[in-house]
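Spelled out from the first residue to the last, the chains are:
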Amino acid sequence: MAKTQTKAAAKLPLNEILSGDCIEEMNALPENSVDLIFADPPYNLQLKGDLHRPDNSKVDAVDDDWDQFDSFAVYDKFSREWLRAARRILKPNGAIWVIGSYHNIYRVGSALQDAGFWILNDVVWRKSNPMPNFRGVRLTNAHETMIWAGKSEKSKPTFNYEALKALNDGVQMRSDWLLPICNGNERIKDDNGEKAHPTQKPESLLHRIIVGSTNAGDVILDPFFGSGTTGAVAKKLGRDFIGIEREAKYRKVAEKRIKGIRRFDKESLLVSTSKRAEPRVPFGQLVERGMLKPGDQLFSLNGRHSAKIRADGTLIAHDQRGSIHQVGAALEGAPSCNGWTYWCFKKRGEAIPIDMLRKKIRAEMRAN
């Protein structure tokens, strides 16, 4: 019992890159302590020999030791162990994103479900600039697959629907994302001018994931930290991160990269939220606070009707009495009416929607 209490009281190593095996490091963290996990595990590419372009130049493919597994059984065992460790540290309403290719994602997906995770979506990252198939023996591999899953079937993970919709020009975000691979100035190089990490993910991908499935101040863990893309984007967006990386050369790259990142200002970190998530403001509160007074006139934005405010926050118009919604509906002969967008008041001859006053109160509530 004492051991469990010690673990629960352990302090999270926020905004640090841990050195070592990801399974051991995750097992050393407190249970139910992380909001989101983004995992880019080894793909187990099973490459056979070198890959060359048509001009006979060698392709810098992933052939590092960390991507080598003796068999599918060994890879599956590794997947089950790190997923078990990851699930333990997720909060009850936490979630995980796992990215992979056709080499591994189906096996990882099965292990996810076996571990008790509840799959919410699979997302296809469609690359706008994929590497061609140089041998010409298969289709160009132009996408990778991501699985988004909650800790359990009963989990209620963060989903910033309105924010993702805003990112997508006001249209509901789909599960196929067209984004370029990491290249140009974003691609980190080592001291020899070579790619610092063979599978560096683009910041645009992590930006979308973090904006869509976390809130400012959340803790994001990446057990395969690599060049530190998760940490870099998390820092920019006002989230805390924990990275785990066993390769010293990658840790060095990530530390230097993240050190140079500046966090966006607090106002810039606010994102669009669902109207249902906004704090409720009764119309009567506007009257109580003197923003509108008993006896003031409200006018319909279509110019057809007016009503007088009463001391209890109800309206009266001819023989109609009731809330801003009820009176508006009655005057229009409609089954319902959103009074906040129906009524306005006049100030120096200008019609101002009463919803502007509600937004002012909500802004004050958020600030406090």
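Residues numbered from 1 in each chain as written. Predicted model: local features only at pLDDT ≥ 70, side-chain atom pairs only at ≥ 80, totals over all residues. Heavy atoms only, no water.

1. Here we look at the overall build of the protein chain
Thought 1: Check the secondary structure of the protein chain and you find 12 helices and 14 strands.
Thought 2: Counting over 368 residues, the protein chain shows a buried share of 43%.
Thought 3: Contacts in the protein chain between residues far apart in sequence, at least 24 positions, make up 67% of those at least 6 positions apart.
Thought 4: Total accessible area computed for the protein chain in this model is approximately 20,600 Å², and 48% of it derives from carbon and sulfur atoms. (Helix = DSSP H or I, 4+ residues; strand = E, 2+ residues; numbered from the N terminus. Buried < 20%, exposed > 50% of the residue type's maximum accessible area, 1.4 Å probe, protein only. Contact = heavy atoms within 4.5 Å. Areas by Shrake-Rupley, 256 points an atom, 1.4 Å probe, with all protein chains shown as cover.)

2. Some points on the sheet that holds strand 14 (residues 350-353)
In any sheet, the strands associate via hydrogen bonds between backbone groups, in a parallel or an antiparallel arrangement.
Thought 1: Ordered by their spatial adjacency, six strands build an open sheet running 12-11-10-9-13-14, and the pairing between neighbours is antiparallel. A single partner strand is all that each edge strand has here, and the edge strands are strand 12 (320-322) and strand 14. Along the sheet, successive strands turn relative to each other by an average axial angle of 35°, direction set aside.
Thought 2: In this sheet, strand 13 (residues 343-347) lies alongside strand 9 (residues 297-300) in antiparallel orientation, the contact comprising two bridges. Directly across from Ser 300, in strand 13, lies its bridge partner Trp 343.
Thought 3: Its contacts with the sheet place helix 10 (residues 324-332) against strand 10 (306-309), strand 11 (315-317), strand 12 and strand 13, and it is angled at close to 155° to strand 12. (Pairing = 2+ DSSP bridges. Axes fitted to C-alpha atoms, helices over the stretch in contact; angles between N-to-C directions.)

3. Let's talk about the confidence of the model for the protein chain
Thought 1: On average, residues of the protein chain score 89 in pLDDT, and 89% of them are at 70 or above.
Thought 2: Residue range residues 47-55 is modelled with pLDDT below 50. Its contacts to residues more than four positions away, or to other chains, number 17 contacts. (pLDDT = per-residue confidence, 0-100.)

4. Some words on the nonpolar core
If you look at soluble globular proteins, the nonpolar side chains tend to sit buried side by side.
Thought 1: Ranked by size, the top nonpolar core spans 33 residues in total, and within it Trp 97, Ile 99, Met 146, Trp 177, Leu 205 and Ile 209 carry the most contacts.
Thought 2: The biggest single contributor to this core is helix 6 (residues 203-213), with five residues.
Thought 3: In contact with Met 146, not counting residues within four places along its chain, are Trp 97, Val 98, Ile 99, Asn 121, Asp 122, Val 123, Trp 125, Trp 177, Leu 205 and Ile 209.
Thought 4: Of all hydrophobic cores here, the second largest spans 32 residues; its members include Cys 22, Val 34, Phe 78 and Ala 111. (Core = buried A, V, L, I, M, F, W, Y, C linked by side-chain atoms within 4.5 Å.)

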